[in-house]
Amino acid sequence: MSIKAVVLEEFKKVYGESTGAKVYFAPGRVNLIGEHTDYNGGHVFPCALSIGTYGVACPREDRVLRFYSVNFPQLGVIESSLDDLVPDPKAEWTNYPKGVMWAFEQRGMKIPTGMDLVLYGNIPNGSGLSSSASVEVLTGFILRDLFGFDVTNQDLALIGQFAENKYNMVNCGIMDQFAIAMGKKDHAIFLDTADLSFEYAPIKLDGAKIVIACSNKKRGLADSKYNERRSECEEALAELQTVVAAENLGALDEETFEKYSAVIGSDIRKKRAKHAVYENRRTMRAVEALKDGDVVAFGQLMNASHVSLRDDYEVTGIELDTLVEEAWKIDGVIGSRMTGAGFGGCTVSIVMDEAVDEFIQKVGEAYLAKIGYAANFYVVDIGDGPCVL
């Protein structure tokens, strides 16, 4: 039975009738390199995945909103209304779709009727593969399709980010929503977060696969140190701006940073800013390496990215470090690094086809022995953006 058939069946089970219901999909994303650069005006290099969030939606006659998640059946149907689009901890995961509905209305797009919605995600929850951004883009895509709003996929990304920032109060950058809304099969997106200019870069991993290892350490972005890192970078930038003209940390190269970094008043802030500057340049070099067909150089830059995230940005932790350091020991691993916000979540590795089984077995065994619980591994494909199924 296809996932489409399964979610339609769930919809019928929960709401009775499914006439008029449509099935939608929005991907998850993984960032290949360029971490914690997206709110520093730097470059990122994410791609959409073939795993993601499936939604079945059917408009109603009234203003009632009914939400059900196959992933959280114990929560049952969570009911709300278009007249009650306010964040509420008791609303659980529905704060993400409600936030997008609120953001549409903030932009003058009045949603005419409520809807019944069933969601199912095959992104591991809390993994850092952007399940929340996937739900946000999916919701925007559904609203556009059902009610004919005049918004582009890029608008959907910006609306999703606005909802996350202003409704769910997570100070995220644009990368996650952009990668999901603008995904293109077998391509990653080289995005300049300062001005949203981007290009698609084909990912040709002849004889290699992208393998994601999920640490299974649960983390919540809002209560992690994410906002703290962000403000450390903002303070460092303000200090640098007293001596050098730079709109953001992404505007600096390594040489300029080293020349002026003494003006930053704390070693911690200096390390945070150094990561933002160096990681941005690494990302630019990594994309050039891929264009030249040099996957080995790309892998080395991935490794260097992890070291910087571990030592200068300090967002890795023992779980992610164990996954990456064990990966580095295996022949056939081209590169491995943490991906996402950190403090748990996932690593992304490029692994030669013949080494994938050994990679999963050996990294998995070492992780279980050291951390005390298992990691999960996903061999993933690069997929398209949101669609109607």
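To be clear, the structure that these remarks concern was listed above.
Residues numbered from 1 in each chain as written. Predicted model: local features only at pLDDT ≥ 70, side-chain atom pairs only at ≥ 80, totals over all residues. Heavy atoms only, no water.

S.K.: Mind laying out the layout of surface pockets, listing which residues take part and the relevant values?
M.R.: Counted as a void, the second largest pocket has a volume near 190 Å³. Forming the boundary of the second largest pocket are Lys185, Asp186, Ile203, Leu205, Ala208, Lys209, Ile210, Val380, Asp381 and Ile382. Examining the composition of the lining of the second largest pocket, we find that three residues originate from one element, strand β9 (residues 208-214), more than from any other. Of the residues in the lining of the second largest pocket, the class split is six nonpolar, no polar and four charged. (1 Å grid on protein atoms, 1.4 Å probe; cavity = no way out; pocket = protein on both sides within 12 Å on 5 of 7 lines; lining within 4 Å. Points joined across faces, edges and corners; volume = space filled by probe spheres on them. Helix = DSSP H or I, 4+ residues; strand = E, 2+ residues; numbered from the N terminus. Nonpolar A, V, L, I, M, F, W, Y, C, P; charged D, E, K, R; others polar.)

S.K.: With reference to specific residues and values, describe the nonpolar core.
M.R.: Ranked by internal contacts, the top residues of the largest apolar core, which has 44 residues, are Met101, Phe104, Ile111, Met115, Leu143, Phe149 and Phe178. Secondary structure elements with two or more residues in this core: β1 (22-31), β4 (64-69), α2 (95-106), β6 (115-121), α3 (131-147), α4 (153-166), α5 (175-181) and β7 (187-192). The biggest single contributor to this core is α3, with eight residues. Other than its neighbours up to four places away in sequence, leucine 143 contacts Val100, Met101, Phe104, Ile111, Met115, Gly148 and Phe149. With 31 residues, the next largest nonpolar core counts Val30, Leu129, Leu205 and Ile382 among its residues. (Core = buried A, V, L, I, M, F, W, Y, C linked by side-chain atoms within 4.5 Å. Buried < 20%, exposed > 50% of the residue type's maximum accessible area, 1.4 Å probe, protein only. Contact = heavy atoms within 4.5 Å.)

S.K.: Give me the lowdown on the pairing of β4, citing residues and values where you can.
M.R.: In terms of residue burial, β4 counts as a mostly covered element, since five of its six residues are buried. Sheet topology places β4 next to strand β5 (residues 78-81); four bridges connect them, and they run antiparallel. By the bridge assignment, leucine 65 is partnered in β5 with serine 80. (Pairing = 2+ DSSP bridges.)

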